[in-house]
Amino acid sequence: SQTTAFMWAGLNKDKKVLVVSLNKKRSSQFISESCLSIETYRNRDSDSVFEKYKISHNCYFMAGPMQEWQERRYYPEDSLKMLAEARKYFDLTVCDTGSDITSGLAIGALTMSDCNALVLTQDEETLLRWEQLLEIYQKINLNFQVTVVNKYSKDLLAMKDSLDTR
C-alpha cells in the first residue's frame, strides 16, 4: 500500500496523499523519516494535526499504534472519524488494514472506503485464511472492488484456476 500510494503521489505532485497504518502495527519500517503514530492524532491540539505527518512534498504517513496492545483502545468509530477529517485535507488516503479483521481501526476503514483492494499471495495458507474470513466480510457487508495477486508466479498457474473459482 505504501509503494502504491507514494508512486501515485510522485505522478500527481499537486495532490496530497496520506498513508495510514490501521493494521494493529506501527508499519513504518519502510519509511526513512521519523513517523508519528495515530496517537498524535488522538491527542491532537489543533486542526492542523495532519501537517505533522508530512514526510515529503505531498506525502504524509500516519503510523499505527506505538505499541500493539494500544490498538485495543481503538474502535471502528475512531477510524471513521479520523478518515472523515482526512477526506477534507487529502486527495487520496490509503489505509493498510492488514489481514486481521479483529482490529477496530481496520473494520472502520474498510467499511468507510470508496474502494477496497484485496491483496493475496498464491499460497494455499493465505487463500484458506481468506475463505475463513469471508463469512465475516459478508456479515459486515464488506466488498472488494480490486483483487491483487502479490508475488504472482506463472509456475503456479494451476493456482490461477483455483483463484478464479474462489
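Residues numbered from 1 in each chain as written. Predicted model: local features only at pLDDT ≥ 70, side-chain atom pairs only at ≥ 80, totals over all residues. Heavy atoms only, no water.

Participant: Let's hear about the environment of Leu 22: which residues, and what values?
Facilitator: Structurally, Leu 22 can be placed in the loop between β1 (17-21) and α2 (38-42). Taking the C-alpha atoms as reference, Leu 22 lies 8.3 Å from Pro 65; in sequence the two are 43 residues apart. (Helix = DSSP H or I, 4+ residues; strand = E, 2+ residues; numbered from the N terminus.)

Participant: How would you summarise the packing of aromatic side chains if you had to cite specific residues and measurements?
Facilitator: How two aromatic rings sit relative to each other is set out by the distance from centre to centre and by the angle between their planes. Inspection of every chain in the model, using the stated rule, returns 7 aromatic pairs. Positioned above the aromatic ring of Tyr 74 is the side chain of Arg 42, whose terminal nitrogen or guanidinium carbon lies 4.0 Å from the ring centre. (Phe/Tyr/Trp six-rings, centres within 6.5 Å; stacked < 30°, edge-to-face > 60°. Lys NZ or Arg CZ within 6 Å of the ring centre and 35° of its normal.)

Participant: Outline the side chain of Ser 79, supporting the account with residue identities and numerical values.
Facilitator: With respect to the element layout, Ser 79 can be found in helix α3 (residues 76-89). Relative accessible area serves as the criterion here: at 0%, Ser 79 is assigned to the buried category. Separated by 3.1 Å, the side chain of Ser 79 and the backbone oxygen of Pro 76 make a polar contact. Those residues in contact with Ser 79 that lie beyond four places of it in its chain are Leu 22, Gly 104, Leu 105, Gly 108 and Ala 109. (Buried < 20%, exposed > 50% of the residue type's maximum accessible area, 1.4 Å probe, protein only. Polar contact = N/O pair within 3.5 Å; in protein donor to acceptor, adjacent residues only side chain to side chain. Contact = heavy atoms within 4.5 Å.)

Participant: Outline the nonpolar core, supporting the account with residue identities and numerical values.
Facilitator: Leu 18, Leu 22, Phe 50, Met 62 and Met 82 are the most contacted members of the largest nonpolar core, which totals 18 residues. Those elements that provide at least two residues to this core are β1, α2, β2 (59-62), α3 and α4 (104-112). If you look at the next biggest cluster of nonpolar residues, it comprises 10 residues, including Val 17, Ile 55, Cys 59 and Val 94. (Core = buried A, V, L, I, M, F, W, Y, C linked by side-chain atoms within 4.5 Å.)

Participant: Give a description of α4 that names residues and reports values.
Facilitator: Summarising burial for α4: 7 of the 9 residues are buried, a large majority. Buried positions along α4 lie against α2, α3 and β3 (92-96).

Participant: Could you give me a rundown of the pattern of salt bridges, with the residues and numbers involved?
Facilitator: Counted under the stated rule, the structure contains 4 salt bridges. Taking the shortest distance from any N to any O, the salt bridge between Asp 114 and Arg 87 comes out at 3.1 Å. Linking Asp 114 in the loop between α4 and β4 (117-120) with Arg 87 in helix α3, this pair joins segments that are 27 residues apart in sequence. The class for Asp 114 is exposed, based on a relative accessible area of 65%. Exposure remark for Arg 87: the relative accessible area of 43% places this residue in the partly exposed category. (Salt bridge = Lys/Arg side-chain N within 4 Å of Asp/Glu carboxyl O.)

Participant: How would you summarise the sheet that holds β1 if you had to cite specific residues and measurements?
Facilitator: Across the sheet, which stays open at both edges, the 3 strands sit in the order β2-β1-β3 with parallel pairing between neighbours. With one partner strand each, in any of the chains shown, β2 and β3 form the two edges of the open sheet. On average, each strand axis in the sheet is inclined to that of its neighbour by 15°, with strand direction left out of account. Pairing of β1 with β2, which is carried by 4 bridges, proceeds in the parallel orientation. (Pairing = 2+ DSSP bridges. Axes fitted to C-alpha atoms, helices over the stretch in contact; angles between N-to-C directions.)

Participant: Give me the packing of α3 against α4: which residues, what numbers.
Facilitator: Close contact between α3 and α4 brings their axes to 7 Å; oriented N to C, the two are set at 50°. Considering their axes alone, α3 and α4 lie oblique with respect to each other. As α3 runs across α4, the sense of the crossing is right-handed. In this structure, α3 contributes Pro 76, Asp 78, Ser 79, Leu 80, Leu 83, Ala 84 and Arg 87 to the contact, and α4 contributes Gly 104, Leu 105, Ile 107, Gly 108, Ala 109, Thr 111 and Met 112. Residue composition of the contact of α3 with α4, grouped by class: 8 nonpolar, 4 polar and 2 charged. (Parallel < 35°, antiparallel > 145°, perpendicular 65-115°, else oblique. Left-handed = near helix turned anticlockwise from the far one by under 90°. Nonpolar A, V, L, I, M, F, W, Y, C, P; charged D, E, K, R; others polar.)

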